[in-house]
Amino acid sequence: MKIKNKLRRGFGLLFVVVLLFGGVSLFYMREIAKSSKTILKDNYETLNYTSKMQKILDENHLPLPSEATKQFAAQLAKEKNNITEKGEKEAVLALSSAFATITDPSADLLTRENAVIKAHQQLRTIEEINLDAVSKKHTEAQEEVQNAASYVTLAAAISFLLLFSFMVNLPDMISKPIRVFVQGLKEVSRKNYNHHLSFGPGDEFSELANEYNKMTALLEDTENNYLFEIQSEKVRLKTLIEQITAAVIGVKENEEILFINTAAAEILDLNKITSIGMMIPKISQQNQWMEQIFSTEEQEKEERIYRIKDQNYQLKKCEVIIPIYKNPADQIAPVPSRKNIGYLYMLSPHA
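The structure reproduced in this document is the subject of the present report. (Residues numbered from 1 in each chain as written. Predicted model: local features only at pLDDT ≥ 70, side-chain atom pairs only at ≥ 80, totals over all residues. Heavy atoms only, no water.)

**So, the packing of aromatic side chains**
Inference 1: Enumeration over the complete set of coordinates arrives at 2 aromatic pairs.
Inference 2: When the ring of Phe 72 is compared with that of Phe 99, the centres are 4.6 Å apart and the planes differ by 15°; the resulting orientation is stacked. Residue Phe 72 is found in helix H3 (residues 66-80), and its partner Phe 99 is found in helix H4 (residues 88-102); the two are separated by 27 residues along the sequence.
Inference 3: Centroid distance Phe 294 to Tyr 345: 4.8 Å. Interplanar angle 70°. Geometry classified as edge-to-face. Pair noted here: Phe 294 is in the loop between helix H11 (288-293) and strand E3 (303-308) and Tyr 345 is in strand E5 (residues 337-349), with a separation of 51 residues, a long-range link. (Phe/Tyr/Trp six-rings, centres within 6.5 Å; stacked < 30°, edge-to-face > 60°. Helix = DSSP H or I, 4+ residues; strand = E, 2+ residues; numbered from the N terminus.)

Next up, the structure:
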């Protein structure tokens, strides 16, 4: 099949993909518009707090009952942790001052009544600030979503016109070579590096097939060397752990046991083979020593002493941290991010 026919089919497929892209984009933009109100959550919570405080002041006479005082203080504390708008902090401070006067046992009744009036004023101020913010944010969010929807619609329309032109003027989709290469990639994903591609001489894809065959050969050599290195390091690490006289237990970050050396298995009455891969909570139910060591209260301690089989043992907990690089260049200059991959527990005799 000639290349022009293959290209015609290929661009036809791209045409369909772009149509789907436009439809999906519009759908999600509408969903964003529906959910945009969630950004106003903090403002609505503040209005809820102020409403409850207003109700407490309206329904109770001075001096405020103990229960009403507690409820008002609780709502005020929540509002202090939910200050989001300009001018709201000053109003909350003034409200706190008024509340302190209301609950001051040494203040006379007139002073307290004036403080109640002041508290009402500050509560209304806080409500007005947040209502204005709700209105403004809602308007801004709707405008942003509408603009985004317009841009997506425009992009989809332009893509539609361009790809329609390609479909009419350029050849159809690439058929057999694409399937051959897809099959080759599937074989690579199955780690079948002996699968080679072959095209006739003069075929436009012959050069690409040759590069693919070189790649699979290189992948096979690389993987063989990599597996050999991993196996060697695994044997070396296992031997090193077994030679440690102290009891050693490796635990993944999800509390799955990664390894247990012989000393740990003997001290804690564990089966090395069946214990590996088990979760800490499950094995703790079956073993009293593991339950003692990995109890929730004890996990926060990095070093502790235990009495096991008439012998004192000191347990040290070490967090295993590895660097995470976003790309190879990060290994040279920038400080990498860090990730916890588990914990190492060492149990050694203690006098």
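Let us keep going from here.
**Observations regarding empty space enclosed by the protein**
Inference 1: Summed over all chains, the structure comprises 1 cavity of 30 Å³ or more.
Inference 2: Of the voids in this model, the largest cavity is the one considered here, and its volume is about 40 Å³.
Inference 3: Residue lining of the largest cavity: Ala 247, Ile 249, Ala 264, Leu 268, Ile 293, Phe 294, Leu 315, Tyr 345 and Leu 347, and that is the complete set.
Inference 4: Residues that form the lining of the largest cavity fall into these classes: 9 nonpolar, no polar and no charged. (1 Å grid on protein atoms, 1.4 Å probe; cavity = no way out; pocket = protein on both sides within 12 Å on 5 of 7 lines; lining within 4 Å. Points joined across faces, edges and corners; volume = space filled by probe spheres on them. Nonpolar A, V, L, I, M, F, W, Y, C, P; charged D, E, K, R; others polar.)

**Section: the nonpolar core**
Inference 1: Core analysis: the biggest nonpolar cluster contains 24 residues, and Ile 249, Leu 268, Met 290, Ile 293, Ile 308 and Leu 347 have the highest contact counts within it.
Inference 2: For this core, the element with the highest residue contribution is helix H8 (residues 262-268), accounting for 5 residues.
Inference 3: The next biggest cluster of nonpolar side chains, apart from the first, holds 19 residues, and it includes Leu 57, Ala 91, Ala 115 and Val 116. (Core = buried A, V, L, I, M, F, W, Y, C linked by side-chain atoms within 4.5 Å. Buried < 20%, exposed > 50% of the residue type's maximum accessible area, 1.4 Å probe, protein only.)

**Overview of the pairing of strand E1 (residues 247-252)**
Inference 1: Within E1, 5 of the 6 residues are buried, which leaves it mostly tucked inside the rest of the structure.
Inference 2: Bridging between E1 and E5 involves 6 bridges; their strand directions are antiparallel. Its bridge partner lying in E5, Gly 250 is registered against Leu 344. (Pairing = 2+ DSSP bridges.)

**Here's the deal with helix H7 (residues 206-243)**
Inference 1: Counted at 1.5 Å a residue, the expected span for H7 with its 38 residues is 56 Å, and the 56 Å between its end C-alpha atoms agrees.
Inference 2: Buried within H7 are the following residues: Ala 209, Tyr 212, Asn 213, Thr 216, Glu 223 and Ile 241. (Expected span 1.5 Å × (residues − 1).)

**Observations concerning the layout of surface pockets**
Inference 1: Taken as a whole, the largest pocket holds about 670 Å³ of empty space.
Inference 2: Forming the walls of the largest pocket are 25 residues, and the residues nearest its centre are Leu 237, Lys 238, Ile 241, Leu 258 and Phe 259.
Inference 3: Looking at the lining of the largest pocket, the elements with two or more residues in it are H7, E1, strand E2 (257-260), helix H9 (272-275) and E5.
Inference 4: Among the elements that line the lining of the largest pocket, the one with the most residues is H7, at 6 residues.
Inference 5: Looking at the lining of the largest pocket residue by residue, the classes come out as 16 nonpolar, 3 polar and 6 charged.

**Some words on a nonpolar patch on the surface**
Inference 1: Together, Leu 19, Phe 160, Leu 161 and Phe 164 make up an exposed nonpolar region whose accessible area comes to about 380 Å².
Inference 2: Of the residues forming the nonpolar patch, the biggest block, 3 residues, is contributed by helix H5 (residues 109-169).
Inference 3: By the secondary structure assignment, Leu 19 is in helix H1 (residues 3-35). (Patch = residues over 30% accessible without salt bridge, like charges linked within 9 Å, V, L, I, M, F, W, Y side chains within 5 Å. Areas by Shrake-Rupley, 256 points an atom, 1.4 Å probe, with all protein chains shown as cover. Salt bridge = Lys/Arg side-chain N within 4 Å of Asp/Glu carboxyl O.)

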